[in-house]
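Per-entry structural report
If you want the building blocks of each chain, they are given just below.
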Amino acid sequence: MKDINWKELSFAYQKTNYNVRCYFRNGEWGELETSSSEYINIHMAATALHYGQEAFEGMKAFRDKKGNIRLFRWEDNWQRMKNSAEGIMMAEVPKEKFKEAIMKVVKLNEEYVPPHGTGASLYIRPLLIGSGPRVGVKPADEYLFAVFVIPVGPYFKEGFKPVDMQIAKDYDRAAPQGTGRLKVGGNYAASLRAGERAHDEGYAASIFLDAKEKKYIDEAGPANFFGIKDNTYITPKSESILPSITNKSLMQLAEDMGLKVERRPVPVEELETFEEAGACGTAAVISPVGKILDRTSGKEYVISKDGNPGPISTKLFERLQGIQYGDVEDKHGWITIVE
Ligand code: PLP
Ligand code: COI
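Residues numbered from 1 in each chain as written. Chains lettered and ligands numbered in written order. Predicted model: local features only at pLDDT ≥ 70, side-chain atom pairs only at ≥ 80, totals over all residues. Heavy atoms only, no water.

**Considerations on the domain arrangement of the chain**
- For the chain, the assigned domains are domain 1 (6-152) and domain 2 (163-324).
- Between domain 1 and domain 2, the C-alpha centre-to-centre distance is 26 Å.
- Together domain 1 and domain 2 conceal approximately 1,700 Å² of surface at their shared face, both sides included; 61% is due to carbon and sulfur atoms.
- Between domain 1 and domain 2 we count one salt bridge in total.
- Linking Asp76 and Lys248 is a salt bridge whose minimum nitrogen-to-oxygen distance equals 2.5 Å.
- Summed over the shared surface of domain 1 and domain 2, the number is 10 residue pairs in polar contact (both at pLDDT 80 or more).
- Of the residues forming the side of domain 1 that touches domain 2, the biggest block, six residues, is contributed by helix 2 (residues 74-87).
- Split by residue class, the side of domain 1 that touches domain 2 holds eight nonpolar, five polar and seven charged. (Domains from an automatic or database assignment. Buried area = accessible area lost by both parts, 1.4 Å probe. Salt bridge = Lys/Arg side-chain N within 4 Å of Asp/Glu carboxyl O. Polar contact = N/O pair within 3.5 Å; in protein donor to acceptor, adjacent residues only side chain to side chain. Helix = DSSP H or I, 4+ residues; strand = E, 2+ residues; numbered from the N terminus. Nonpolar A, V, L, I, M, F, W, Y, C, P; charged D, E, K, R; others polar.)

**A look at the site of ligand 2**
- In the vicinity of ligand 2, the residues found are Phe11, Phe56, Gly58, Tyr123, Arg125, Tyr155, Lys183, Tyr188, Pro222, Thr282 and Ala283.
- With respect to ligand 2, the side chain of Lys183 contributes an N or O atom lying 2.7 Å from an oxygen atom.
- Computed on the free molecule, ligand 2 has an accessible area of 280 Å², of which 90% lies beneath the protein chains in the complex.
- Residues belonging to the shell around ligand 2 are distributed by class as follows: seven nonpolar, two polar and two charged.
- Each of domain 1 (6-152) and domain 2 (163-324) contributes no fewer than three residues to the shell around ligand 2. (Near = heavy atom within 4 Å. Areas by Shrake-Rupley, 256 points an atom, 1.4 Å probe, with all protein chains shown as cover.)

**Focus: helix 4 (residues 185-200)**
- Over its 16 residues, helix 4 runs 23 Å from end to end, which matches the ideal 22 Å to within 8%, given 1.5 Å per residue.
- Of all the bends found along helix 4, the most pronounced is centred on Leu192 and spans about 45 degrees.
- Along helix 4, the positions that sit buried rather than exposed are Asn187, Ser191, Ala194, Gly195, Arg197 and Ala198.
- Here the buried face of helix 4 lies against strand 9 (163-168) and strand 10 (205-209).
- Taken from the residues just after helix 4, Gly202 is the one with a positive phi, measuring 90 degrees. (Expected span 1.5 Å × (residues − 1). Bend = angle between axes of the 7 residues up to and from the residue. Buried < 20%, exposed > 50% of the residue type's maximum accessible area, 1.4 Å probe, protein only. Contact = heavy atoms within 4.5 Å.)

**Re the environment of Gly221**
- Turning to its location among the elements, Gly221 is positioned in the loop between strand 11 (217-220) and strand 12 (224-229).
- For Gly221 and Glu318, which are 97 residues apart along the polypeptide, the C-alpha to C-alpha distance reads 23 Å.
- Those residues in contact with Gly221 that sit more than four places away from it in its chain are Ala205, Ser206 and Phe208.

**Details of the packing of helix 5 (residues 245-256) against helix 6 (residues 311-325)**
- Where helix 5 contacts helix 6, the axes come no closer than 10 Å and their chain directions differ by 115 degrees. One finds that helix 5 runs roughly perpendicular with respect to helix 6. For helix 5 against helix 6, the interelement crossing comes out right-handed. Mapping the contact onto sequence places Thr246, Ser249, Leu250, Leu253, Ala254 and Asp256 in helix 5 and Leu316, Arg319, Leu320 and Ile323 in helix 6.
- Class assignment for the residues of the contact of helix 5 with helix 6 results in six nonpolar, two polar and two charged. (Axes fitted to C-alpha atoms, helices over the stretch in contact; angles between N-to-C directions. Parallel < 35°, antiparallel > 145°, perpendicular 65-115°, else oblique. Left-handed = near helix turned anticlockwise from the far one by under 90°.)

Put into structure tokens, the structure is as follows:
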């Protein structure tokens, strides 16, 4: 095990031992390669660099009490990467290749998987890029699939404590019929200005509204959004948000806990009525929301009145993390042990 202060880890890049790579050339995927270099050699006319042919994933591995390494819902990440590839016309990574790459990169970096009980995990970042040259706007004919890993702590430095967010009506992350439901780099480029302004103004993230009507909540920076009231878990239904695997899991856990679950458009004014709210994602897990400022109107929605996470968010967080770290039974078959 590496000598790392696991409890102090933030969500930041650091070098680990190895990454894995695989090239798609002449219409087929090659063998998986292992590398200890952090760099890739790429053609300057690669479509990833010019026309945004790039997709990525984010998933985590956790260590249980016995020392096993547990992957959370990796098949869902594979499926989403397949959808992203389809959406921006890239070669799709076969499921077996994806699995082989994930398993291999985790095993090669086993000493970076944080010990049980530290609250830290191993973040796995698969990446698929158009590596073949094009000057005309067309899909590439060569692709690179690579995966690296980093040990991480909480995405929002507050951890499981309410953070404040702001609604930005003057920026859109994704167009209604655009690429918002895909995990492609362009969506993140489009979110940077609003996100950085939110940080500069003291907020953890920018909440994007639906780009068409600017009435409904889409998502919360790099995470989905949910609200809770009247024993109901409510989360936005929108064509322009990323289908979050964490959110899907929380909907199931909420149902298991006897809550009603509603996936539907969530108008901004409804924030007034929420007893609890949160942002959820692989990196963020659950980040409870304290208050939300509508930057345009100046109206502030105070959700956590006492500065603490609400009881239902806390229960959901404990169940989800319990399953991930192996302390709560995995009834839904979400975990794969890395052998
Ligand atoms: N929304 C966006 C824009 C994201 O980048 C992420 C992170 O992956 C999520 C939502 C949460 O998705 P997941 O729970 O699958 O990590
Ligand atoms: C994730 O939660 O995995 C994300 O991708 C969020 C962000 C770091 C892009």
